[in-house]
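# Structural overview for review
The lines below spell out each chain.
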Amino acid sequence: MNLTQRQLRMFVTTARLLHISRASEVLHISQPALTRALREFEHQVGLDLLHRTTRQVRLTPDGERFLPVAERLLHDLDHAATDLRAHAQGVRGALTIAVGAAFGATVLPVALQVFTARHPGVRVRLVEDNSAGITARVTRVEADLGIGSPIGDTASLVARPLLSAPLGLLAPPGRSAGLPLLKEPADTSILNVLRSHGSDLVRRMERGIEVSSLTLQLALARQGLGIAVVSALGASHTQAQGMRFTPLRPMLRRELHALQHADRAEAPAVTAFLRVLAEVLPQEVRRLRPGVRPLVAAPG
């Protein structure tokens, strides 16, 4: 079987849009030409991938199974071409990073400042998510790199430790006695750490407001609507300035990792960014709340 990048792109585009006319417009080819090419592609792979009627297109069961494979192949072919150009022209291309709010608001800006100055030919795209979402995005090859705690199905990922931060209670200035704990959503790394250690804080969160983002947690805590359970990294956010952070006893820590897909060759842009991150991380953690520790050595 000799599949081409063009064939994969036609199938993936049509499978995503489920509409021949729209797919032909995106691909800049005629509808009859696209229909013929898709039939030839199906004949080549020996499977019926798309069920076509006069009104709609839908994936067959074989098409649903083949789509993620085709997307991965297409992504890898695109990256291979980018890698070849990068070696010839220096580090170029695109870099998509999925990152949490705590790291994104503290360490990441300095790392990106250094990286973009050294590699202006790389287009950087940032996607904010929690750790479960970051893990899923890297698994689905929607991001070249994730920075978060590995949560969920991590069998296809490589995780490199970046930093460790203690968990604690972040309270508003002044009196905080009697305030409820703000509730963590079920898929956050902090709740996973608390559950894995049998912490009573999980039960105490049940009567608090459930908050899905760090920035909202900090805003509600500052307003006196509750106490946030955050890491020392999250407590280093600019919105947490002036608030009281008390580490948990016994100490519980959250670790952040650089997450990559195990089946993909590391692109030059990813390699270059990780090198910058290893360089700036040890000095940047000194600006954060006490207890944050780098887990990656600076390059010699």
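Residues numbered from 1 in each chain as written. Predicted model: local features only at pLDDT ≥ 70, side-chain atom pairs only at ≥ 80, totals over all residues. Heavy atoms only, no water.

### Structural notes on the overall build of the protein
Scanning the protein from terminus to terminus reveals eleven helices and ten strands. Long-range pairs, those at least 24 residues apart, make up 71% of the contacts in the protein with a sequence separation of at least 6. Of the side chains in the protein, 36 bear a positive and 25 a negative charge, and the two mean positions are spaced by 7 Å. (Helix = DSSP H or I, 4+ residues; strand = E, 2+ residues; numbered from the N terminus. Contact = heavy atoms within 4.5 Å. Lys, Arg positive; Asp, Glu negative; His and termini not counted. Charge placed at Lys NZ, Arg CZ, Asp CG, Glu CD.)

### Observations concerning the nonpolar core
Judged by nonpolar contacts, the single largest core of 46 residues is most densely connected at Leu95, Phe103, Ile147, Leu170, Leu233, Phe273 and Leu277. Beyond its immediate stretch of four places on either side in the chain, leucine 277 contacts Phe103, Val107, Ala111, Ile147 and Leu162. One finds Ala15, Ile20, Leu49 and Val57 within the second-largest nonpolar core, a separate group that totals 21 residues. (Core = buried A, V, L, I, M, F, W, Y, C linked by side-chain atoms within 4.5 Å. Buried < 20%, exposed > 50% of the residue type's maximum accessible area, 1.4 Å probe, protein only.)

### Points about the packing of helix α1 (residues 5-17) against helix α3 (residues 31-45)
The N-to-C vectors of α1 and α3 enclose an angle of 110°; their axes lie 10 Å apart at closest approach. By the angle between their directions, the pair α1 and α3 is classed as roughly perpendicular. Between α1 and α3, the residues in contact are Gln7, Leu8, Met10, Phe11 and Thr14 and Leu34, Ala37, Leu38, Phe41 and Gln44, respectively. (Axes fitted to C-alpha atoms, helices over the stretch in contact; angles between N-to-C directions. Parallel < 35°, antiparallel > 145°, perpendicular 65-115°, else oblique.)

### Some words on the pattern of salt bridges
What the rule picks out here adds up to 14 salt bridges. In this structure, the salt-bridge partner of arginine 140 is glutamate 142, at a minimum N-O distance of 2.7 Å. Note on glutamate 142: relative accessible area 37%, which makes it partly exposed. The salt bridge partner of aspartate 144 is arginine 264, with a shortest N-O separation of 3.1 Å. (Salt bridge = Lys/Arg side-chain N within 4 Å of Asp/Glu carboxyl O.)

### Quick word on the pairing of strand β6 (residues 157-171)
Across nine bridges, the pairing between β6 and strand β9 (residues 253-261) is antiparallel. Within β9, the residue paired with serine 164 across the bridge is glutamate 255. Across two bridges, the pairing between β6 and strand β10 (residues 293-294) is antiparallel. Bridging from a neighbouring strand, serine 164 pairs with arginine 293 of β10. Both β6 and strand β7 (residues 228-231) contribute to a ladder of four bridges, which runs antiparallel. Note on β7: the bridge partner recorded for leucine 170 is alanine 228. Relative to strand β8 (residues 244-247), β6 is paired through four bridges, and the arrangement is antiparallel. What sits directly across from leucine 170, in β8, is phenylalanine 245. (Pairing = 2+ DSSP bridges.)

### Let's talk about the packing of helix α2 (residues 20-27) against α3
The geometry of α2 relative to α3 is characterised by a closest axis approach of 9 Å and an angle of 100° between their N-to-C directions. It follows that α2 is roughly perpendicular to α3 by the angle criterion. Across the interface between the two elements, Ile20, Ser21, Ala23, Ser24 and Leu27 from α2 touch Gln31, Leu34, Thr35 and Leu38 from α3.

### Here's the deal with the pairing of strand β5 (residues 145-148)
Alternating residues of β5 divide into Leu145 and Ile147 and Gly146 and Gly148, and every residue in both groups is buried. Relative to β5, strand β3 (residues 93-99) is paired through three bridges, and the arrangement is parallel. In the sheet register, alanine 98 faces β5, and the bridge partner there is glycine 146. Relative to β9, β5 runs antiparallel, the two being bridged by three bridges. Its bridge partner being in β9, isoleucine 147 is matched across the sheet by alanine 258.

### Examining helix α10 (residues 214-222)
Residues of α10 that are buried include every one of Leu214, Gln217, Leu218 and Ala221, and no others. For α10, the angular spread of the buried residues around the axis is 95°, confining them to a single face. Packing partners of the buried residues in α10 comprise α5 (101-106), β6 and β7. Trailing α10 by a residue or two, glycine 224 shows a phi angle of about 85°, which is positive. (Arc of directions from axis to C-beta.)

### Details of unusual backbone geometry
Here the residue pair arginine 249 and proline 250 is connected by a cis peptide bond, since its omega of 0° sits within 30 degrees of zero. With respect to the secondary-structure elements, proline 250 resides in the loop between β8 and β9. One non-glycine residue with positive phi stands out, namely valine 141, at about 60°. By the secondary structure assignment, valine 141 is in the loop between α7 (131-139) and β5.

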